[in-house]
Number of protein chains: 2
Amino acid sequence: MVLAYAMNFTRTFIPTLREVPADAVIVSHRLMFRAGMLRKLANGLFAYLPLGLRSFKKVEQIIREEMNATGALEIKPTVIVPGELWKESGRWDAMGASLLRVKNRLDADFVVSPTAEEAFTALVRDELSSYRQLPLTLYQINTKYRDEIRPRYGVMRGREFVMKDAYSYHADDASLDETYQAMGQAYRRIFKRCGLSVIPVKADSGAMGGSGSEEFMVESAVGDNTLLLCKTCEYAANVEKATCKPDFEAHASLEAAKSAGASVPEIEKIDTPAVKTIQELCAFLKTDAKRFIKTLIYKALNVELDLSGAPGGEKLEKRKPGTDAPEVYPEAFFAVAIRGDLDVNEVKLASTLKASEAVLASDADVARFTGAPVGFAGPVGLSAIPVIADTTVTAMTDAVTGALAQDLHYAHVAYGRDFVPWLIADLRTVIAGDRCPQCGGELYEKKGNELGHIFKLGYKYTQSMQVRYLDETGKSRIPTMGCYGVGLDRTLASVIEEHHDENGILWPMTIAPYHVLIIPVKYEGTMKVAADKLAAELEQAGIEVLLDDRPERPGVKFKDGDLIGIPYRVVVGDKNLTLSTPSVEVKRRSEKESRLAPVSKAAEELAALIRAELH
Amino acid sequence: MVLAYAMNFTRTFIPTLREVPADAVIVSHRLMFRAGMLRKLANGLFAYLPLGLRSFKKVEQIIREEMNATGALEIKPTVIVPGELWKESGRWDAMGASLLRVKNRLDADFVVSPTAEEAFTALVRDELSSYRQLPLTLYQINTKYRDEIRPRYGVMRGREFVMKDAYSYHADDASLDETYQAMGQAYRRIFKRCGLSVIPVKADSGAMGGSGSEEFMVESAVGDNTLLLCKTCEYAANVEKATCKPDFEAHASLEAAKSAGASVPEIEKIDTPAVKTIQELCAFLKTDAKRFIKTLIYKALNVELDLSGAPGGEKLEKRKPGTDAPEVYPEAFFAVAIRGDLDVNEVKLASTLKASEAVLASDADVARFTGAPVGFAGPVGLSAIPVIADTTVTAMTDAVTGALAQDLHYAHVAYGRDFVPWLIADLRTVIAGDRCPQCGGELYEKKGNELGHIFKLGYKYTQSMQVRYLDETGKSRIPTMGCYGVGLDRTLASVIEEHHDENGILWPMTIAPYHVLIIPVKYEGTMKVAADKLAAELEQAGIEVLLDDRPERPGVKFKDGDLIGIPYRVVVGDKNLTLSTPSVEVKRRSEKESRLAPVSKAAEELAALIRAELH
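Residues numbered from 1 in each chain as written. Chains lettered and ligands numbered in written order. Predicted model: local features only at pLDDT ≥ 70, side-chain atom pairs only at ≥ 80, totals over all residues.

Another point: the overall build of chain A. From N to C terminus, chain A includes 16 helices and 32 strands. Along the three orthogonal principal directions, the C-alpha set of chain A runs to about 100 × 65 × 45 Å. Per-residue burial over chain A gives 50% buried out of 615 residues. For chain A, contacts bridging at least 24 residues in sequence account for 74% of all contacts bridging at least 6. (Helix = DSSP H or I, 4+ residues; strand = E, 2+ residues; numbered from the N terminus. Buried ≥ 20, exposed ≤ 12 C-beta atoms within 10 Å, placed from the backbone. Contact = placed C-beta atoms within 7 Å.)

Let us look at the packing of helix α1 (residues 27-34) of chain B against helix α12 (residues 488-498) of chain B. Residues and elements named next belong to chain B. Taken N-terminus to C-terminus, the directions of α1 and α12 make an angle of 100°; their axes are 8 Å apart at the nearest point. On the basis of the axis angle, α1 is roughly perpendicular to α12. Across the interface between the two elements, Val-27, Ser-28, Leu-31 and Met-32 from α1 touch Ala-493, Ile-496 and Glu-497 from α12. Here the contact of α1 with α12 is built from residues that sort into five nonpolar, one polar and one charged. (Axes fitted to C-alpha atoms, helices over the stretch in contact; angles between N-to-C directions. Parallel < 35°, antiparallel > 145°, perpendicular 65-115°, else oblique. Nonpolar A, V, L, I, M, F, W, Y, C, P; charged D, E, K, R; others polar.)

Further remarks concern the nonpolar core. By size, the foremost hydrophobic cluster in this structure holds 273 residues, and its most contacted members are Val-516, Ile-518 and Leu-534 of chain A together with Val-516, Ile-518 and Leu-534 of chain B. Residues within four places of Val-516 of chain A in sequence aside, it is in contact with Leu-538, Ile-543, Val-545, Ile-566, Tyr-568, Val-570 and Leu-606 of chain A. One finds Tyr-298, Leu-342, Ala-377 and Leu-404 of chain A within the second-largest nonpolar core, a separate group that totals 48 residues. (Core = buried A, V, L, I, M, F, W, Y, C linked by C-beta atoms within 7 Å.)

The next subject is the sheet that holds strand β6 (residues 100-103) of chain A. Residues and elements named next belong to chain A. Ordered in space as β5-β7-β6, the three strands form an open sheet in which the pairing is antiparallel. The sheet terminates laterally at β5 (80-82) and β6, the two strands that pair on one side only. Averaged over all neighbouring strand pairs, the angle between strand axes comes to 35°, with direction disregarded. Examined bridge by bridge, β5 and strand β7 (residues 109-112) share three bridges and lie antiparallel to one another. (Pairing = 2+ DSSP bridges.)

A separate point is the sheet that holds strand β17 (residues 357-360) of chain A. All names here are of chain A. The five strands lie next to each other as β17-β15-β16-β18-β21, forming an open sheet whose pairing is mixed. Because the sheet does not close on itself, it has two edges, and the strands there are β17 and β21 (423-425). Across the sheet, the mean angle separating the axes of adjacent strands is 35° when strand polarity is ignored. Sheet topology note: the strand β15 (residues 293-303)/strand β16 (residues 329-339) ladder contains 10 bridges and is antiparallel. In the sheet register, Ile-293 faces β16, and the bridge partner there is Arg-339. Across the sheet, helix α9 (residues 346-353) is in contact with β15, β16, β17 and β21; its angle to β17 comes to roughly 130°. Along the sheet, helix α10 (residues 363-370) contacts β15 and β16; its crossing angle with β15, the most-contacted strand, is approximately 110°.

If you check the domain split of chain A, you get domain 1 (6-10 + 21-242 + 445-496), domain 2 (254-425) and domain 3 (514-614). Computed from C-alpha coordinates alone, the two centres of domain 2 of chain A and domain 3 of chain A are separated by 69 Å. (Domains from an automatic or database assignment.)

For the rest of this paragraph, the subject is helix α14 (residues 554-564) of chain A. All names here are of chain A. Those residues of α14 not exposed but buried are Lys-557, Asp-560, Gly-561, Leu-563 and Ile-564. Each buried residue of α14 lies within a common arc of 160° when the element is viewed along its axis, so the set occupies one face. Buried positions along α14 lie against α1 (27-34), α2 (50-69), β27 (504-505), β28 (516-520) and β30 (568-572). One or two residues past the end of α14 sits Gly-565, with phi positive at roughly 70°. (Arc of directions from axis to C-beta.)

It is worth spelling out the environment of Leu-547 of chain A at this point. All names here are of chain A. For Leu-547, the position within the fold is in strand β29 (residues 545-547). Residue Leu-547 is classed as buried on the basis of its 28 C-beta neighbours within 10 Å. As a C-alpha pair, Leu-547 and Leu-534 span 13 residues in sequence and 9.7 Å in three-dimensional space. Other than its neighbours up to four places away in sequence, Leu-547 contacts Ala-6, Asn-8, Phe-9, Ile-518, Ala-531 and Ala-535.

This part is about α10 of chain A. Residue and element names in this part refer to chain A. Residues of α10 that are buried include every one of Val-366, Phe-369 and Thr-370, and no others. All buried residues of α10 project into a common sector of 85° when viewed along the axis, lining one side. Against the buried residues of α10 lie β15 and β16. Count one or two residues on from α10 and you reach Gly-371, which has phi positive near 70°.

Residue and element names in this part refer to chain A. Most of β15 is tucked away: nine of the 11 residues are buried. Where β15 meets β17, four bridges bridge the pair, whose relative direction is antiparallel. Bridge pairing in β17 links Lys-299 to Val-359.

Moving on, we come to unusual backbone geometry. In this structure, the amide linkage connecting Leu-134 of chain A to the following residue, Pro-135 of chain A, adopts the cis form with an omega of -10°. Here Pro-135 of chain A lies in the loop between α5 (117-127) and β8 (136-145). For Tyr-153 of chain B, which is not a glycine, the phi torsion comes out positive at approximately 60°. With respect to the helices and strands, the residue Tyr-153 of chain B is situated in the loop between β8 (136-145) and β9 (160-170). C-beta crowding within 10 Å serves as the criterion here: with 22 such atoms nearby, Tyr-153 of chain B is assigned to the buried category.

A packed helix pair is summarised by two numbers, namely the angle formed by the two axes and the spacing between the axes. All names here are of chain B. Put simply, helix α2 (residues 50-70) and helix α6 (residues 173-193) touch, their axes get as near as 9 Å, and they point 155° apart. Classified by the interaxial angle, the pair formed by α2 and α6 is roughly antiparallel. Here α2 and α6 pass one another in a crossing that is right-handed. Across the interface between the two elements, Ile-62, Ile-63, Glu-66, Met-67, Ala-69 and Thr-70 from α2 touch Ala-182, Met-183, Ala-186, Arg-189, Ile-190 and Arg-193 from α6. Broken down by class, the residue content of the contact of α2 with α6 amounts to eight nonpolar, one polar and three charged. (Left-handed = near helix turned anticlockwise from the far one by under 90°.)

On the chain A side, the residues contacting the 47 residues of chain B number 46 residues. Those elements that place two or more of their residues in the side of chain B that touches chain A are β2 (38-42), β3 (45-48), α2, β4 (73-74), β5 (80-82), β6 (100-103), α5 (117-127) and β8 of chain B. Examining the composition of the side of chain B that touches chain A, we find that five residues originate from one element, α5 of chain B, more than from any other. A class-by-class count of the residues in the side of chain B that touches chain A yields 32 nonpolar, six polar and nine charged.

If you rotate chain B by 180° and push it 0.0 Å along the axis, it lands on chain A with an RMSD of 0.1 Å. Look at the turn and shift together and you get a two-fold axis relating the two. Looking at chain B, 98% of its interface residues are interface residues in chain A too, so the copies touch through the same face. (Least-squares fit on C-alpha atoms with pLDDT ≥ 70 in both.)

Moving on to the environment of Glu-84 of chain A. Position of Glu-84 of chain A among the secondary structure elements: in helix α3 (residues 83-89). Each C-alpha atom, one on Glu-84 of chain A and one on Tyr-235 of chain A, is 42 Å from the other, the two residues being 151 residues apart in sequence.

Residue and element names in this part refer to chain A. Inspection of the sheet shows β6 paired to β7 by four bridges, in the antiparallel sense. Bridge pairing links Val-102 to Phe-110 in β7. Linking two consecutive strands that pair antiparallel, namely β6 and β7, is a turn of five residues; a positive phi of about 70° is found at Asp-107 within it.

Here we take up the confidence of the model for chain A. A residue-level look at chain A finds 96% of positions with pLDDT of 70 or above and a mean pLDDT of 93. Among the scores for the predicted complex, ipTM is 0.90 and pTM is 0.91. (pLDDT = per-residue confidence, 0-100.)

Residues and elements named next belong to chain B. Note on placement: Ala-237 falls in strand β13 (residues 236-238). Judged by local crowding, Ala-237 falls into the buried class, with 25 C-beta atoms found within 10 Å. Residues Ala-237 and Leu-227, spaced 10 residues apart in sequence, show a C-alpha to C-alpha distance of 5.6 Å. When near neighbours in sequence (up to four residues on either side) are disregarded, Ala-237 contacts Val-201, Lys-202, Leu-228 and Ala-242.

What follows is the structure, encoded as structure tokens:
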């Protein structure tokens, strides 16, 4: 990538700041503003200035090179995409308010793309005829928009951003898996080349209908995501997906308890006047939350799971969200039973139900389905809606739970004897201290920001948008699909989060806006001559140079140099130029000490060091 | 710019077509689809496929290099821009329905940028403090949107497109002029490097408040613009701006006529029953359209010209369209008098009035201001609105015109005696056959498409958006401004319009998606070995190669090769490989004859030829 190499500070536009913008709470946001890389146009809308854009383009080019290396092919669809395609796929309805919808002057619907499954699938649909064309992976690096309610942290969570999004199409799962693995490797190389420590984690893939998903996270105190990591092995997962080793007898049951000689009392209804919370109940009954079956009523949207045999299922309406999409229940209610010390993971629940979302039901809905006010739901005798039990509940043989009536609970409830759920699933929210599902080691938590995501989508879009090809035998088939995204703005900001000190940025060579900053103590006389000559020599060697020719005091130039974080600083001063071996002072931004280098060899030496780091 | 060099046809995605899309009426639209460069997502929205994107990026890179060479600095603002900025500048109201407006979830107004005067000026406003920062030229190469009612001709007039738009800020006119001239030179180099013959023409700069404007046009049968060119000299102008040498006695007047001894009769009212058109009137009076003063009533919008002393001016409302913008009359009416054989140029009229637009008034408005039905307007005695006379009228001493009453005209009307206009201006539409204003040569017409436009904006935006800097003396001043745009999609399509034959595209080397197409007669045995080796050697030499490894008949590959138009074609065939000097067949796309080249030297020879053409 050719960027104009040698640039004088006074000929470019790097408006550095001493003050920190009031709304900049994270380091990258502060430093991008202070270093004159970025300015704000409006809440969540930013302009990259020349210095910021140089680094941005280097991230872009690394991503492009790694994508091309996988055989993915770059295309450029539009940013504004017909709403019709989103109606076909069903996402016009399924996506919430974060989708920026536009009507044009002819009253047609459009979408400012947040992702482009529809646009790519529509293109492929029109061109695909034979299995010989598969696999096919296409990508774009293009503007995206997400209408965030509360954009913050600078470009880490802006409204408009640039994303590389790739979409692959395959004749079979083996081919999808091959591309998925290749993308996983490419992503690892991308982040490594950017100097980033990423944590690849297992991620939820439920709501989108996929069958495999990995997120690439960077640790961040203000991260959107909670990650569970194992202290012993490599296990790492988004909390949305994380599982843990059971902390109960996996095969505990009433029969097991009985045959082990335990006394198993009969179920009993007990008065619990004025007892509202689980804590109060535990105190009242002198028991422990682990002996309580907590039961929550959930409303799920766009449920794809078949409910025809479930309690209340025969009354539910169905509809088709897209042209050829499978039928869904737009709205359905469920009771979720879980051990009293645990929380329900709503993403796991939605994934289990193949739903777009699962949210707690309103108090009115709770009363409608349980016949009691909030606080007295329980799985025993509940027949209006399906009961889903977390796996922890299957080991409970002497539990307390709500009795579907005000101020009443059941004691001595046994799973399998007193109630049988419609479905059993892993629904618990895993927390720090739980045990690793792989090795049993202790799990701990980190906050993280997602930079990339790879995803086996399966047939969701190719089916709803009716993509077909003819296989070897001439039979019409639907291809399977993967998608692979990485956010450029976030990646760049994360590089700064990982590489800075109290004085400013410390760019990795690969992403640095310039490789070398030349600071003449004064830009005049022999210092000017030497600085210009050095810049020209470095430029000749393909090295990108910024020459600080401003009429500022050296202290100001050093401070700004530290702030903008160019990897090598060369100070050209009168004193060193008059040594017996005329020299300049070379300092690595990351190191404290500088060293003298003969001016006659400085360019050659630096060029060699920099080239070695770039390759 | 590094593009993956050697690519096999079966590993990329070039879906060539035999059929021409039904809606493709121009060559570039047809060929971009047939060559597999482009596909349609919706009306006016296109996706560049891999082959198209390669050429697109070469256009982009040429533009970037030439911009950087002028000292302009690339930045990247957002595509979606706050509506607030457009309200400040006044364009929120002034722009018509082609501006795509969006409301976000918080009910705030946004604009999908068609140009970015506001965003750039807002950025500069926040950073500008001293004259030392000027001049400053910033640019972006970014997505734009224009909500065309009838998009057509493929990417030549699409809704979403990519534009390079630069904006410059200056302390004085001399500095603006210097940048304006440098941009004019850069644009000439850009189009030359793309292999395009452009016609730089003088353009209108009135409505935008500027003081100099040049458009870069390519000839096109379906062009949006009419150009007037001189057969003798270099004069070229958009019809919106074109002037001509007067075809009347410049200093003719009543006095001159009298002193020349002409008989000048007194004005006389005549009955003209049932005479409606100028033709009918000419026949009725046995005279010629040139002796008629045609008078048209116009409605002008957002008029900046001071009308306080004009007829009816005292009653007009005023308002401020932007924060610090000059006051305008939102709506004002004018009578325009012009020689009967000529047409009024509405762009010249709007420019004269400093109005955003001028349109013919409704019949009701005509009746309201002239007191007569349409067809009887005239400058004599018209006092309700200002009369503006085209310069041709000033030479009319014995003319016919409407008498402001049904079925009545005036004869023997003399300019200056019988009426005095409020304003005299050049308002005629120049046509083929008129005389060049520079040399008097004959003008002729061409249809053209605008690829680029450079423009002295003056103070329009910097004033309304309150940009200030301190000059050498510490005085607060407003900078002056220029803007400079070029459409990338149109430029690319125009290259194809200029470089094609009946079989397909003939790419100039600089824009070609690949430099060399290698076609093995069959991709097997020694032919495969030789083709792969040649591709590798060319790749090594930095040459971009497409190798057609498809299991197709040679005829199919030759046809596709001609269609996609790669400059050099190398055919690797068994027969030539077994000659005493094993050879391949090299053919230039633009030439009929091929020649044999020794396979051992083919790569080296081709690389030298191509490099020479690229530099």
